[in-house]
Amino acid sequence: MAFARLDDALYSIGKYGRYQLTTSVIITALGTLFPAWQMMGIIFSADRPKSFHCTTTNGLTLLGEGTAGPNASVDGRTNSSFEDAGSQDACQAVSFVNGSESVSPCTEWTYERIYNESTIVTDLNLVCDLGLLAETAQSIFLFGMLIGAVVFGYLSDVFGRKVVLLGACVMNGVLGVAVAFVWNYVGIAVLWFLTGMFAQGYNMVQFVMIMEMFPSECRTLAGSLNNLIWGVAMVLLAPIGYTFTNWRHMQLVISIPCFIALPLWFLLDDSVRWLLAVGRKDKARVILEKMARWNRRTPPPGGFLEIIEDLPPLLIARDDGDIINKLPVTTESSPEKNKCRFIDIFKSRRVLLNVIIVYFLWFVALLAYLGATLNAANLAGNKYINVLLLGVVELPGYLIIHFTMTWWGRRPSLSLFFLVAGLASITTALLPQKTANGTDLTVAILISAMLIKLCIICSYSINTICCTEILPTPIRNLGFGVGAVCGNIGTVVAPFVLYLDEVAPYLPLTIIGALCVLSSILVPILPETKDKPLPETIEDSENIGKRLPVTENEKGTVHVTSVRVDAATGDTTV
């Protein structure tokens, strides 16, 4: 027996069977938990101490004091032990010889370690003239993520999801362990670039694998739970960072688990949808039969065979005189029929418009996410509590979107969350710290900022699901990678937008709010992808959600959800 679409076979096997649940948990842990720790771990690894001062050496008797920022002012010295010092600069050391003052550059510093922490700043003395190097290293990590999004999207479309997921996970472990033993800046920067590249790469691949594993109506829950683990990773990172305050020890703790990918090579399978798209139908059949055994389902007689290509057109979802799709039966394992390249997107105006809008939404979502994160970083003085709160506030969002997407669909949910985020951003921008009568509005501002972050998390998560649902299988990972690049460009732009606070305090959040409102307006142009099969070709992507009029000859057409072919007789049944 054969199935007209893979989704029909997945329903027959069991949409939430033991195989899918076990495999999705493993893939999510590998591809979300571990890379999230690497990406967010730099919050602690590159953190600056509260203050530092020059250490007395070689007969130098003066210790200046300053904050750790590259442009820090050191005029205010609060430590009474420095009150009689003759210098006000933490980057200079002063000695007195025969009553005369001699100033020389400082070469050693002592840092105020509130939590007894060690970072690349304290290990490599990235202060004074080297003060910008910590931020530069973080930017290098981010640039590696940009490259990884494109490179690994392409590699997974060519070589398969499994080899890229497991290979990149192991490499992330190797690089993460290696950086813990490097004591020079260039080496750390290079390893951080590679770590960012691999972490972003397989984090993106795992999400596509999860979405391809389930039939259409299950992708909402699967995508929501997958995104939820990112918030869980943020929550777990806080106690890890608090326990291992030496960044090198923390780096080992978050990197060594990546090596669990090695034995998983013998357990995990590649994406059946990708195998069919590239014509490896024999391997796809083997995996489908394995899924059936795990789920205690009996495979159909003759196994999972390929649908014959000369079946008549298939009409589905008849709806009072209209049909939602009127397409020929798709042969999912035919490589010639499914073969397409990313450049083919530009040949279809409808698909190109959808992709441009989704990529723009990705850019806005991550721009707003980083802006909200930086604003929320001042919620409390303890940085570990800050990270914990930032993770906790994300968790409800991942659960909320499951219900909104199930009840309303992708488009209404996405548009609503962008709209609320935009209005909340503009409102926050216009709120003063205190009113004319002295009422402190700090709490209201913080609550509004948390609402922004919650809505942006929802918007981002829904948009990533939409991205996988509008792209055809042969280029889904590459297209998803390009979207990730657009989103990461938003994180690069965000600090410059926030810098506009120097021009006018209301500008940053007003700009972010305006972009979110614009995004809300653009969302209805996208097709509704709720409960729609994943497209396998450019033509499928063009026709997602289309409603075509029924001709006179088609009146009275019955509902058809699947077509099956008997392996022995060749008879077709619906």
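Just above sits the structure.
Notes on the structure follow.

### Side note on the packing of helix H15 (residues 395–407) against helix H17 (residues 442–470)
For the pair H15 and H17, the least separation of the axes is 9 Å and the interaxial angle reads 55°. The orientation of H15 with respect to H17, classified from their angle, is oblique. Considering only the axes of H15 and H17, their crossing is right-handed. Residue-level inspection shows Pro 396, Gly 397, Tyr 398, Ile 400, Ile 401 and Met 405 of H15 in contact with H17, the latter providing Leu 454, Ile 457, Cys 458, Ser 461, Ile 462 and Ile 465. For the contact of H15 with H17, the class distribution of residues is 10 nonpolar, two polar and no charged.

### Digging into helix H11 (residues 281–294)
With 14 residues, H11 should cover 20 Å at 1.5 Å per step; its first-to-last C-alpha distance of 20 Å lies within 8% of that length. If you check which residues of H11 are buried, you get Ala 284, Arg 285, Ile 287, Leu 288, Lys 290, Met 291 and Ala 292. Structurally, H11 contributes buried residues whose contacts are with helix H1 (6–13), helix H2 (18–45) and helix H10 (272–277).

### Details of the packing of aromatic side chains
In this description, an aromatic ring pair is defined by two values, namely the gap between the centres and the angle between the planes. In total, this model carries 13 aromatic pairs according to the counting rule given. Measuring from ring centre to ring centre gives 5.4 Å for Tyr 19 and Trp 294, while their planes differ by 75°; the resulting arrangement is edge-to-face. Taken together, the residues Tyr 19 in helix H2 and Trp 294 in helix H11 connect sequence positions 275 residues apart. Overall, the relative accessible area of 27% leaves Trp 294 in the partly exposed class. One Lys or Arg, Lys 162, reaches over the ring of Trp 265 and ends 4.3 Å from the middle of that ring.

### With respect to the pattern of salt bridges
Under the definition given, this model contains 11 salt bridges. Arg 248 is the partner of Asp 123 in a salt bridge, and the nearest nitrogen-oxygen pair spans 3.0 Å. Here Arg 248 lies in helix H8 (residues 247–255) and Asp 123 lies in helix H3 (residues 120–124), a separation of 125 residues in the sequence. As a salt-bridge pair, Arg 161 and Asp 157 come within 2.7 Å of each other at their nearest N and O atoms. Asp 157 matches Arg 161 in its accessibility class, with the two residues each being buried. In this structure, a network of salt bridges that share partners links the residues Asp 157, Arg 161, Glu 212 and Arg 476.

### Points about the nonpolar core
Core analysis: the biggest nonpolar cluster contains 124 residues, and Leu 30, Ile 120 and Trp 192 have the highest contact counts within it. For this core, the leading source of residues is helix H6 (residues 185–213), giving 17 residues.

### Digging into the environment of Ser 541
By the secondary structure assignment, Ser 541 is in helix H20 (residues 538–542). A residue is classified by how much of its surface remains accessible, and Ser 541, at 2% relative accessible area, is buried. Between the alpha carbons of Ser 541 and Pro 527 there is a distance of 9.6 Å; along the sequence they are 14 residues apart. Setting aside chain neighbours within four positions, we find Ser 541 in contact with Val 351, Ile 470, Leu 471, Pro 472 and Pro 535. From its side chain, Ser 541 meets the backbone oxygen of Ile 470 in a polar contact 3.0 Å long.

### A closer look at the packing of H2 against helix H4 (residues 133–159)
Between H2 and H4, the shortest axis-to-axis distance is 11 Å and the interhelical angle comes to 165°. Of the possible angle classes, the one that applies to H2 and H4 is roughly antiparallel. The crossing of H2 and H4 is left-handed. On the side of H2, the interface is formed by Gln 38, Met 39 and Ile 42, while H4 contributes Gln 138, Phe 141 and Met 145.

### Overview of the side chain of Glu 528
Along the chain, Glu 528 turns up in the loop between helix H19 (507–522) and H20. Despite its burial, Glu 528 remains without a salt bridge, the nearest opposite charge being carried by Arg 411 at 4.2 Å. Separated by 2.9 Å, the side chain of Glu 528 and the backbone nitrogen of Arg 410 make a polar contact.

### Comments concerning H2
Over its 28 residues, H2 runs 39 Å from end to end, which matches the ideal 40 Å to within 8%, given 1.5 Å per residue. Considering bend angle alone, the principal kink of H2 is centred on Met 39 and spans about 30°. Counting buried residues in H2 gives 22 out of 28 residues, a clear majority hidden from the surface.

### Digging into the environment of Ile 445
In this structure, Ile 445 sits in helix H17. Sequence separation of Ile 445 and Thr 428 is 17 residues, and the distance between their C-alpha atoms is 5.9 Å. What Ile 445 contacts, discounting residues up to four positions off in sequence, is Thr 428, Leu 431, Pro 432 and Gln 433.

### Considering a nonpolar patch on the surface
A contiguous nonpolar surface patch, about 660 Å² in accessible area, is contributed by Tyr 154, Val 158, Phe 159, Val 163, Trp 265 and Phe 266. If you tally residues by element for the nonpolar patch, the top one is H4, at three residues. Tracing the chain through its elements places Phe 159 in helix H4. Accessibility expressed as a relative area gives 51% for Phe 159, which makes it exposed.

Calculation criteria
- Residues numbered from 1 in each chain as written.
- Predicted model: local features only at pLDDT ≥ 70, side-chain atom pairs only at ≥ 80, totals over all residues.
- Heavy atoms only, no water.
- Axes fitted to C-alpha atoms, helices over the stretch in contact; angles between N-to-C directions.
- Helix = DSSP H or I, 4+ residues; strand = E, 2+ residues; numbered from the N terminus.
- Parallel < 35°, antiparallel > 145°, perpendicular 65-115°, else oblique.
- Left-handed = near helix turned anticlockwise from the far one by under 90°.
- Contact = heavy atoms within 4.5 Å.
- Nonpolar A, V, L, I, M, F, W, Y, C, P; charged D, E, K, R; others polar.
- Expected span 1.5 Å × (residues − 1).
- Buried < 20%, exposed > 50% of the residue type's maximum accessible area, 1.4 Å probe, protein only.
- Phe/Tyr/Trp six-rings, centres within 6.5 Å; stacked < 30°, edge-to-face > 60°.
- Lys NZ or Arg CZ within 6 Å of the ring centre and 35° of its normal.
- Salt bridge = Lys/Arg side-chain N within 4 Å of Asp/Glu carboxyl O.
- Core = buried A, V, L, I, M, F, W, Y, C linked by side-chain atoms within 4.5 Å.
- Polar contact = N/O pair within 3.5 Å; in protein donor to acceptor, adjacent residues only side chain to side chain.
- Lys, Arg positive; Asp, Glu negative; His and termini not counted.
- Bend = angle between axes of the 7 residues up to and from the residue.
- Patch = residues over 30% accessible without salt bridge, like charges linked within 9 Å, V, L, I, M, F, W, Y side chains within 5 Å.
- Areas by Shrake-Rupley, 256 points an atom, 1.4 Å probe, with all protein chains shown as cover.

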